[in-house]
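The lines below spell out each chain.
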Amino acid sequence: MMTRVLPPDERGLGLAAAILADGGLVAFPTETVYGLGADARDGRAVAAIYETKGRPRFNPLIVHVSSLHAANKYAEIDGPLHILAEAFWPGPMTLVAPVKHGLLSELVTAGLETVAIRVPAHPVAREILDRFDGPVAAPSANPSGRISPTRAEHVLAHLDGKIDAVVKAGPCQVGLESTIIGIEDQKPILLRPGGLPVEVVEQALGREVTRPSTKTVTAPGQLESHYAPRAKLRLNATSPTPGERWLGFGPDRFDGANLSPNGDLREAAAQLFRMLHELDEGAKIAVARIPDEGIGRAINDRLRRAAAPRD
């Protein structure tokens, strides 16, 4: 198979939608990361996502749709989840809600009674969804457990020849996966920190968002080891040691990469996966301390999972 690189123009977007309709796999940009899309109603197409990524079948996928109205066709979005959907869609937030059975491939939900669903804000993603006119399952377009792609080049580095097409439309603005919110005992819970800070979610709801009471995988991005480079990471470092590459944050005196010399957490989030890709040459990587507040919590979540012991 030859992977086609499609431009984000009329013809390219039309071809992307046609490939999805024909059961193919298309990588495309969202505001968070590049997703690997397939028709969420087509079991064979969804199975191809799992096979291409090497993704465990117990790890559910996020379904992308064009609007809250479309989301309600496949999930029961009410109560606090409806409040959040109205406040933050389109945007970098995924909601885990009771699934409406019989409309999506069961592989999408990994056998759960819920589905993870979101409305992306990226204009290319929205145009593809409008042209396709259906739900698209789209986890990050990379081998399972590895660094997420924020550029088409990252996708092609690992999946060239394994997928039908990638829509090349520049870097992703947010650079971290979506925040995932669910419900447990009728209370909102944070299933994965991401591009929307949890403090903003709590402000919209007027209540605290808690952590789930179990470590059972109920949403994407919850595996202990995830987002990992080949290189080993040492977190909260104050300086690099011999043989380590440096990934800094804020003003520092060391040679290497820096997520944000000015200490801007949003800039750091947008740069994180790109810089991990660039530093990942089998060496060790020392990572400076990142403030654990706002979107910094999502950055630290990705770094902890990237540094976790691997199989």
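Residues numbered from 1 in each chain as written. Predicted model: local features only at pLDDT ≥ 70, side-chain atom pairs only at ≥ 80, totals over all residues. Heavy atoms only, no water.

Q: Could you clarify how one ought to interpret the sheet that holds strand β7 (residues 136–137) in this entry?
A: Think of a sheet as strands paired side by side through backbone hydrogen bonds, with each pair either parallel or antiparallel. Strand order across the open sheet formed by 10 strands is β1-β8-β2-β3-β7-β4-β6-β5-β9-β10, with mixed pairing between neighbours. Two strands bound the open sheet, and with one partner strand each, they are β1 (4–6) and β10 (187–192). Contacts from helix α4 (residues 80–88) reach β5 (93–98) and β9 (179–184), with the element oriented near 150° to β5. (Pairing = 2+ DSSP bridges. Helix = DSSP H or I, 4+ residues; strand = E, 2+ residues; numbered from the N terminus. Contact = heavy atoms within 4.5 Å. Axes fitted to C-alpha atoms, helices over the stretch in contact; angles between N-to-C directions.)

Q: Looking at this structure, how should I read the sheet that holds strand β11 (residues 233–237)?
A: What the four strands build is an open sheet, ordered β11-β14-β12-β13; its pairing is parallel. Where the open sheet ends on each side, the last strands, each with one partner, are β11 and β13 (257–258). Judged from the three bridges that link them, β11 and strand β14 (residues 284–288) form a sheet pairing that is parallel. From the neighbouring strand, R234 faces β14, where its bridge partner is A286. Lying on the sheet, helix α9 (residues 265–279) is in contact with β11, β12 (244–248), β13 and β14; it crosses β12 at an angle near 165°. Across the sheet, helix α10 (residues 296–307) touches β11 and β14, and the angle it forms with β11 is around 140°.

Q: What is the right way to look at the pattern of salt bridges in this model?
A: Pairing between side chains of opposite charge can happen when the charged atoms of each approach one another. By the definition in use, this model includes 13 salt bridges. Residue R302 pairs with D301 through a salt bridge whose shortest N-O separation is 2.8 Å. Like R302, the residue D301 is buried in the burial classification. In this structure, a network of salt bridges that share partners links the residues E177, D301, R302 and R305. (Salt bridge = Lys/Arg side-chain N within 4 Å of Asp/Glu carboxyl O. Buried < 20%, exposed > 50% of the residue type's maximum accessible area, 1.4 Å probe, protein only.)

Q: How should unusual backbone geometry be read in this particular structure?
A: Note: most residues except glycine have negative phi, and most peptide bonds are trans. The omega torsion of the bond from W89 to P90 falls at -5°, within 30 degrees of zero and hence cis. Along the chain, P90 falls in the loop between α4 and β5. Unusually for a residue other than glycine, A110 sits at a positive phi of about 55°. Residue placement: A110 occurs in the loop between α5 (106–109) and β6 (114–118). Note on A110: relative accessible area 24%, which makes it partly exposed. A positive phi angle, near 55°, is found at N236, a position not held by glycine. Inspection of the secondary structure assignment puts N236 in strand β11. Since its relative accessible area comes to 51%, N236 is described here as exposed.

Q: Even after reading the chapter, I still don't get the pairing of β12, so can you show me in this structure?
A: For β12, the buried fraction is high: four of the five residues fall into the buried class. Bridge analysis of β12 against β14 gives four bridges, and the strand direction is parallel. When the bridges of β14 are listed, R245 appears paired with I285. Relative to β13, β12 runs parallel, the two sharing two bridges. Of the residues in β13, the one forming a bridge with L247 is A257.

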